[in-house]
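# Commentary on secondary and tertiary structure
Spelled out from the first residue to the last, the chains are:
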Amino acid sequence: MNILPINNFQIYSGIQTKTIKKETSPTVTSPMCNMVSFGQAQKFGDFFLHQLKKTSRKMQVQENSNLFSAASSSIAKSLEGKGVTYNEAYNSISPIKSEDSYWSKVQRSGFDVRDEIRRTFFCKNAYDLTVLEDIINKYSDLGYAISPINIPVEKMVEKGYVPSKSELKKGFVELPDIDIRLDRNNIAKFVPTLNGYISEPQKSGYEDIQLRFIKKSDTRNPNPIKHELIIIFGENYAKAKHFESEKIYKYTRQLNELKFYRSTKSEGLKKRTGEYIDAIKTKLNLGISQKLFASANSLDVKKIDNEMLINVSEQEIKELVKYFNKLREKGHNYYEIAEQRAKTPARLKKIKQEHEADSKLLAYIRKNLEESITFFNEKRYFKSMPSLDEIIAELEARKKMSN
């Protein structure tokens with residue numbers, strides 16, 4: 001396998017290995033300013049998008065995407081006996097990140113965009129890591145290497161890793177970009193060279209394996225195109241992922257974008273607001289998200305329908321209303337004090353604009369989550385929701401309309 005050994009920072013207790021959580025690259029850890037001087041003070045965002053939309057670059061990305069599709073389809077066919085499948089229609093919905101999505105990702109996470117090209121494998125035997133080992137080897141045979149990722153030295157030291165002098169100087173440790181986000185208790189077969197990359201499922205209950213590849217011919221390229229491979233259990237899991245993303249995560253993640261929450265210097269307000277946001281996410285995770293993924297897992301892996309009820313009770317809805325009201329109240333109090341302290345008309349105008357933006361965003365999130373809850377409460381069971389084929393057809397129709 002063409003990956004770096006990581007045994008030197010695994011910490012053993014009996015036969016258990018300490019979980020190693022993946023970190024993003026420390027080279028860029030905050031959103032970029034969107035203004036840079038290019039002689040005529042051109043907006044950096046416009047300049048960056050112009051570079052992304054150049055015909056030569058788009059052709060290069062498309063060529064890479066086509067090659068990755070061919071490689072992925074071939075590999076899946078060769079591993080069908082081990083439970084791996086490649087759904088052409090599902091993978092054709094959004095094979096390349098759009099330029100606007102790319103720029104949005106840069107603003108949120110920095111320039112190391114690791115999923116410009118993305119494909120998905122369905123693998124009912126994903127808990128068998130020897131299958132993952134086979135997948136990595138197959139890609140290696142076809143000219144792909146696992147992309148490196150830089151993890152801050154301090155994070156690695158916390159996990160028992162002893163950095164070299166060069167790593168201390170650089171401030172980071174370079175490791176293969178592999179994240180096995182599976183429930184360790186369910187893993188049937190381990191692989192020594194992969195065990196240290198096991199993290200844990202998301203709080204929503206979502207599990208997957210994420211690999212980022214680059215072409216071996218690009219290993220010396222300072223900015224290679226990244227190819228992301230997501231491995232999930234099957235078509236039912238893809239269905240659950242779609243509904244959870246479109247109706248829950250799409251909105252709950254925006255709660256963290258409330259300007260007063262991001263800007264406040266009051267530790268008390270920050271803590272309390274964060275608690276209300278977490279409470280909203282927890283209610284929806286327990287009532288909907290975790291049950292979606294558990295139902296899908298049962299169907300794809302165990303081939304049984306667990307008939308789990310997916311809903312939010314009337315009492316839980318009342319509690320969610322209370323949490324949203326508290327968030328609105330916290331925001332109003334923050335801006336009321338900020339307006340009183342404003343020393344210039346320009347500053348007061350900006351505060352009022354941010355208050356209005358937060359109010360609209362919170363109302364938007366609340367309205368859409370209420371509609372999502374109604375959807376799940378009416379469907380009640382996983383099998384009552386549209387199939388993956390129906391979802392693909394809807395997404396394809398949307399894609400044609402946008403074009």
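Throughout, a residue's number is its position along its own chain's written sequence, starting from 1. Selection of residues for local features in this predicted model requires a pLDDT of at least 70, selection of side-chain atom pairs for listing and counting requires 80 or more, and totals for whole chains, interfaces and linings are taken over all residues. The side-chain values count all of the structure's non-hydrogen atoms but skip hydrogen atoms and water molecules.

### A look at the overall build of the protein chain
Condition: Helix numbering and strand numbering both begin at the N terminus, where a helix is a DSSP run of H or I of at least 4 residues and a strand a DSSP run of E of at least 2. Exposure categories follow from relative accessible area, calculated using a 1.4 Å probe and restricted to protein chains: below 20% of the type maximum is buried, above 50% is exposed, and the middle band is partly exposed. A contact between two residues is defined here by any heavy atoms of the two lying within 4.5 Å. Using a 1.4 Å probe, the Shrake-Rupley method yields the accessible areas, and only the shown protein chains count as cover for residues.
Broken down by element type, the protein chain carries 13 helices and 10 strands. Across the 403 residues in the protein chain, those meeting the buried criterion constitute 44%. Across the protein chain, every contact between residues at least 6 apart in sequence was considered, and the portion connecting residues at least 24 apart equals 75%. Accessible surface for the protein chain amounts to roughly 21,500 Å². Of this, 49% is attributable to carbon and sulfur atoms.

### Observations concerning helix 2 (residues 55–78)
The cut-off we apply is this: Expected span, for any helix, means 1.5 Å times one less than how many residues it has.
In this model helix 2 runs 35 Å from its N-terminal to its C-terminal C-alpha over 24 residues, within 8% of the 34 Å that 1.5 Å per residue would give. The set of residues buried in helix 2 consists of Arg57, Val61, Asn64, Ser65, Phe68, Ala71, Ser72, Ser73, Ile75 and Ala76.

### Observations regarding the environment of Asn221
We count it as follows: We call two N or O atoms a polar contact when they sit within 3.5 Å, provided that within protein one can donate a hydrogen and the other can accept it, with sequence-adjacent residues counted only if both atoms are side-chain atoms.
Assignment of secondary structure puts Asn221 in the loop between strand 9 (208–215) and strand 10 (227–232). Only 2.8 Å separates the side chain of Asn221 from the backbone nitrogen of Asn223, close enough to count as a polar contact.

### Details of a positive patch on the surface
Worth spelling out the cut-off: For patches, a residue must show more than 30% relative accessible area and have no salt bridge; joins then use 9 Å for like charges and 5 Å for nonpolar side chains, namely Val, Leu, Ile, Met, Phe, Trp and Tyr. The salt bridge criterion pairs a side-chain nitrogen of Lys or Arg with a carboxyl oxygen of Asp or Glu, the two atoms within 4 Å. In this count, Lys and Arg are taken as positive residues and Asp and Glu as negative ones, while His and the chain termini are left out. Charge coordinates come from a single atom per side chain, which is NZ of Lys, CZ of Arg, CG of Asp or CD of Glu.
Together, Lys259, Arg262, Lys270, Arg347 and Lys350 make up a positively charged patch on the protein surface. If you list the elements that add at least two residues to the positive patch, you get helix 9 (259–263) and helix 12 (345–379).

### Some thoughts on the pairing of strand 6 (residues 148–152)
We count it as follows: Two strands are said to pair when DSSP picks up at least two bridges between them.
In terms of burial, strand 6 is largely enclosed, as four of its five residues are buried. Across five bridges, strand 6 lies against strand 7 (residues 172–176) in antiparallel orientation. Its bridge partner lying in strand 7, Pro152 is registered against Phe172.

### Some words on the packing of helix 8 (residues 235–252) against helix 10 (residues 267–302)
For clarity, the threshold we go by: In this analysis an axis means a line fitted to C-alpha atoms, helices contributing only their contacting stretch, and an angle means the value between N-to-C directions, from 0 to 180 degrees. Relative orientations are named as follows: roughly parallel for angles under 35 degrees, roughly antiparallel for angles over 145 degrees, roughly perpendicular for angles from 65 to 115 degrees, and oblique for any other angle. Gly falls in the polar group here, along with every residue not listed as nonpolar (Ala, Val, Leu, Ile, Met, Phe, Trp, Tyr, Cys, Pro) or charged (Asp, Glu, Lys, Arg).
The interhelical angle for the contact between helix 8 and helix 10, taken along N-to-C directions, is 170°, at an axis separation of 8 Å. Regarding the angle of helix 8 to helix 10, the classification is roughly antiparallel. Counting all contacts with helix 8, which are made through Glu235, Asn236, Tyr237, Ala240, Lys241, Phe243, Glu244, Ile248 and Thr252, the residues of helix 10 involved are Lys281, Leu284, Ile288, Ser289, Leu292, Phe293, Ala296, Asn297, Leu299 and Asp300. Residues belonging to the contact of helix 8 with helix 10 are distributed by class as follows: 10 nonpolar, four polar and five charged.

### Remarks on the nonpolar core
Just so we agree on the cut-off: Remark: nonpolar core denotes a set of buried residues (Ala, Val, Leu, Ile, Met, Phe, Trp, Tyr, Cys) joined through side-chain atoms within 4.5 Å.
In terms of nonpolar packing, the biggest core is built from 90 residues, with Phe121, Ile135, Tyr139, Ile180, Leu211 and Ile231 touching the most fellow members. Looking at which element gives the most residues to this core, the answer is helix 10, with 10 residues. For Phe121, the residues in contact, after removing those within four places along its chain, are Ser72, Ile75, Ala76, Val84, Thr85, Tyr86, Ile135, Tyr139, Leu229, Ile230, Ile231 and Ile232.

### Concerning the confidence of the model for the protein chain
Keep this limit in mind: The predictor's confidence in any single residue is recorded as pLDDT, a number from 0 to 100.
Scored by pLDDT, the protein chain comes out at a mean of 88, with 89% of its residues at no less than 70. Confidence drops under pLDDT 50 across residues 2–42; counting only partners more than four residues distant or on other chains, this segment forms 96 contacts.

### Observations regarding the packing of helix 10 against helix 11 (residues 314–341)
To keep it simple, the criterion reads: Put simply, a crossing is left-handed when the front helix is turned counterclockwise from the back one by less than a right angle, and right-handed when it is turned clockwise.
It is the contact of helix 10 with helix 11, at a shortest axis distance of 10 Å, that shows an interaxial angle of 155°. When the axes of helix 10 and helix 11 are compared, the pair comes out roughly antiparallel. Where helix 10 crosses over helix 11, the two elements pack in a sense that is left-handed. The segment helix 10 lies against helix 11, with Leu269, Arg272, Thr273, Tyr276, Ile277, Ala279, Ile280, Lys283 and Leu284 engaging Glu316, Glu319, Leu320, Tyr323, Phe324, Lys326, Leu327, Lys330 and Tyr334. Classifying every residue of the contact of helix 10 with helix 11 by side-chain character gives 11 nonpolar, one polar and six charged.

### Some details on the pairing of strand 4 (residues 117–123)
Burial of strand 4 is extensive: six of the seven residues sit out of reach of the surface. Pairing of strand 4 with strand 10, which is carried by six bridges, proceeds in the parallel orientation. Along strand 10, the bridge assignment pairs Thr120 with Ile230.

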